[in-house]
Amino acid sequence: MLVTSRRLSCLATQFGRAWVSSEPTRRPPPARPHWMERVESPPVNLSDTHPNQHDMHSDPRREIIGNRDVLREGYDPETIRHRAAEIDALSTLLSPTKVGGITETALLYGPPGSGKTCTTTAVLEEIENEHGVPTVAVNCWDDHTKSRVLYSVLKSLVGQTAYDQERTAASTLLDAVKDAIDEPTIIFLDEADKLVDEGVLRDLYEIEPVRLLLAGNDRHRVVGNLEHRVYSRIGTAQDVEFEKYHDGQLVEILEDRLTAAKVKPDIVSDEALAGIADAGSRDARKAIATLRNALDIVVLEGADEVTGPIIERAEQKAEQDIAHARISSLTASQTLVLKVLFDIGASTSGTIYDEYEQRIDDPAVDRTVRGWLTTKFPQYNLVTIREEENPQEYELTDAARAILE
DNA sequence: CATCCACGGGAAAAGCCGGTCG
DNA sequence: CGACCGGCTTTTCCCGTGGATG
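Residues numbered from 1 in each chain as written. Chains lettered and ligands numbered in written order. Predicted model: local features only at pLDDT ≥ 70, side-chain atom pairs only at ≥ 80, totals over all residues. Heavy atoms only, no water.

**Q** Whenever I open this one, the state of the cysteines confuses me. Can you help?
**A** One covalent bond between the sulfur atoms of two cysteine residues makes up a disulfide. According to the stated counting rule, one finds 0 disulfides in the structure shown. Left unpaired, C140 is separated from the closest cysteine sulfur, that of C118, by 18 Å. (Disulfide = S-S within 2.5 Å.)

**Q** Would you take a moment to explain a negative patch on the surface for this structure?
**A** Together, D266, D270, E271, D304 and E305 line one region of the surface with negative charge. Along the polypeptide, E305 turns up in the loop between α13 (284-301) and α14 (308-328). (Patch = residues over 30% accessible without salt bridge, like charges linked within 9 Å, V, L, I, M, F, W, Y side chains within 5 Å. Areas by Shrake-Rupley, 256 points an atom, 1.4 Å probe, with all protein chains shown as cover. Salt bridge = Lys/Arg side-chain N within 4 Å of Asp/Glu carboxyl O. Lys, Arg positive; Asp, Glu negative; His and termini not counted. Charge placed at Lys NZ, Arg CZ, Asp CG, Glu CD. Helix = DSSP H or I, 4+ residues; strand = E, 2+ residues; numbered from the N terminus.)

**Q** Got a minute to help me understand helix α4 (residues 84-94) in this structure?
**A** Listing the buried residues of α4 in full gives E86, I87, L90, S91, L93 and L94. Along the long axis of α4, the arc covered by the buried residues comes to 165°, so they all point the same way. (Buried < 20%, exposed > 50% of the residue type's maximum accessible area, 1.4 Å probe, protein only. Arc of directions from axis to C-beta.)

**Q** Help me understand the pairing of strand β6 (residues 383-386) in this model?
**A** Moving residue by residue along a regular strand, the side chains alternate between the two faces of the sheet. With 4 bridges connecting them, β6 and strand β7 (residues 393-396) associate as antiparallel partners. For V383, the partnering residue across the bridge sits in β7 and is L396. Where β6 folds back onto β7 in an antiparallel hairpin, the turn is made up of 6 residues. (Pairing = 2+ DSSP bridges.)

**Q** Help me out: how do you make sense of the protein's contact with DNA strand B in this one?
**A** Around DNA strand B, the structure places 12 residues, and the nearest of them are T145, S147, A170, V365 and T368. Backbone sugar and phosphate groups make up 81% of those atoms of DNA strand B lying within 4 Å of the protein. At 3.0 Å, a side-chain N or O of S147 approaches a phosphate oxygen of DNA strand B. The separation between a phosphate oxygen of DNA strand B and a polar side-chain atom of T368 is 2.8 Å. Element by element, the count of residues in the surface near DNA strand B is highest for helix α17 (residues 366-379), at 3 residues. (Near = heavy atom within 4 Å. Polar contact = N/O pair within 3.5 Å; in protein donor to acceptor, adjacent residues only side chain to side chain.)

**Q** Sorry if this is basic, but what is going on with the side chain of T185 here?
**A** Following the sequence through the fold, T185 ends up in strand β3 (residues 185-190). A distance of 2.8 Å separates a polar side-chain atom of T185 from the backbone oxygen of E183. Setting aside chain neighbours within four positions, we find T185 in contact with P134, V136, L157, P209, V210 and R211. (Contact = heavy atoms within 4.5 Å.)

**Q** Help me understand the environment of I352 in this model?
**A** If you trace the backbone, I352 turns up in helix α16 (residues 349-358). Distance in space between the C-alpha atoms of I352 and V340 is 6.7 Å, their sequence separation being 12 residues. Discounting residues that sit within four places of it in the chain, I352 has contacts with V337, V340, L341, I344, S347, L373 and Y394.

**Q** How should the pattern of salt bridges be read in this particular structure?
**A** Close approach of charged atoms allows side chains with opposite charge to pair. One pass over the structure, following the stated rule, counts 23 salt bridges. R313 is the salt-bridge partner of E301, the closest N and O atoms lying 2.6 Å from each other. Here R313 lies in helix α14 and E301 lies in helix α13, a separation of 12 residues in the sequence. Taking relative accessible area as the criterion, E301 reaches 48% and is therefore assigned partly exposed.

**Q** Can you help me understand the packing of aromatic side chains in this one?
**A** Working definition: an aromatic ring pair is given by the centre-to-centre distance plus the angle between the planes. What the rule picks out here adds up to 3 aromatic pairs. Plain terms: the ring middles of Y353 and Y356 are 5.7 Å apart, the flat faces sit at 50° to each other, and that makes the pair tilted. Of the two residues, Y353 and Y356 both sit in helix α16, 3 residues apart, roughly one turn of that helix. Residue classification places Y356 among the buried residues on the basis of a relative accessible area of 0%. (Phe/Tyr/Trp six-rings, centres within 6.5 Å; stacked < 30°, edge-to-face > 60°.)

**Q** Explanation requested: the domain arrangement of chain A in the structure shown.
**A** By a widely used convention, the size of an interface equals the accessible area lost when the partners come together. The domain boundaries assigned to chain A delineate domain 1 (53-77 + 245-325), domain 2 (83-241) and domain 3 (330-404). Relative to domain 3, the C-alpha centre of domain 1 lies at a distance of 33 Å. In this complex, domain 1 contributes 4 residues to the contact, which on the side of domain 3 involves 5 residues. Taking both partners together, domain 1 and domain 3 bury about 390 Å²; carbon and sulfur atoms supply 81% of that area. Inspection of the domain 1/domain 3 interface yields 0 salt bridges. (Domains from an automatic or database assignment. Buried area = accessible area lost by both parts, 1.4 Å probe.)

**Q** Mind showing me how you'd approach the packing of helix α6 (residues 146-158) against helix α7 (residues 170-180) here?
**A** Geometry of a packed helix pair, given as the angle between the helix axes and the separation of the axes. In the contact formed by α6 and α7, the axes pass within 9 Å of each other and the chain directions differ by 30°. When the interaxial angle is binned, α6 and α7 end up roughly parallel. Handedness of the crossing formed by α6 with α7: left-handed. Mapping the contact onto sequence places K146, S147, L150, Y151, V153, L154, L157 and V158 in α6 and A170, L173, L174, A176, V177 and A180 in α7. (Axes fitted to C-alpha atoms, helices over the stretch in contact; angles between N-to-C directions. Parallel < 35°, antiparallel > 145°, perpendicular 65-115°, else oblique. Left-handed = near helix turned anticlockwise from the far one by under 90°.)

Shown next, in the form of structure tokens:
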């Protein structure tokens, strides 16, 4: 099943480019700078803390997964597959001869799990290593406010700072960032559509040597209403669009991980792999999470191989882990709104609010609850909005419902 | 030294309101 | 008209700091 020759030949055709074939030089772990923790921290994954890793000496099961690390969220693969065009576009856009030239901004957009982050990270790493161009990456999901973005940028540029992240004025941080930048520098804001205050984009953009890379799910959300206020000043931004992987491509990506993770052969059949790719609904992040969970189930339950039912459970677990973590981060009041939704099913904001108000002593005001329903909860993938209804209705996602039971 | 309190700042909540739809 | 939506603005909340006070 793990057809090595197929993988290699595929690689060869995918990447004729020099920088790709210099693969092995990529990612010297210690050189992994600053923001790496951020990339790893995102939304959480309870199952990441799961079994083995330690105490695996006498455990015969350790044979099953040699290196589970490769399967964790945020791990940067050795090889970027099926993104040759995007890599090409990014490399051209960011090549050192252009950095410092005309200030341009690149806009990367595409659905979740379409390789935006890992592709861009790889290209940036290449540029930093080969050409000495400083690069900074910020995940705006974690750092979605102005001060946090600036703090994060500053920390990447100068290491530890004397500033207190929460307490120093954004303007102070901005000045410090300006001072720290004296040569062309690439700043990559991942999930830029999660920013609360897009003013920070303009602030960063106006620092002369800075070149911005913005990534998000759809172009409209990323540029959206900053079109006039910021975007026009940003000038001609170059778009790089990422599309969902096809199932076949996803299978190859999963095969790479299986090999790198040194998973014992025969645990995951071709058929199972296809099933996992299918469950991932063309989202690489989700597919990998499903694979990881499926293998954990196999290990924990001593199964012989990954089966259909295991894949199904693994898929649900992947979603629920995330939902669980998200729900834990909510306030009691916010959780109550979800419970109301759980009890009464899909409803309009008015109905939800009436019921919510009944159940709590000091309810938040309706505008606030509406804000949660339309922005925060959907972003957390806890609620979906049924826009076809008029007025629109809010409904819990399956994962959220499973947690609230 | 221990407490108290006013202050500065960001983030989140609350308030306001014009607009849409049936 | 009533119910709801969502952009924008204003207010409140919250917390570390630092100076004053007992």
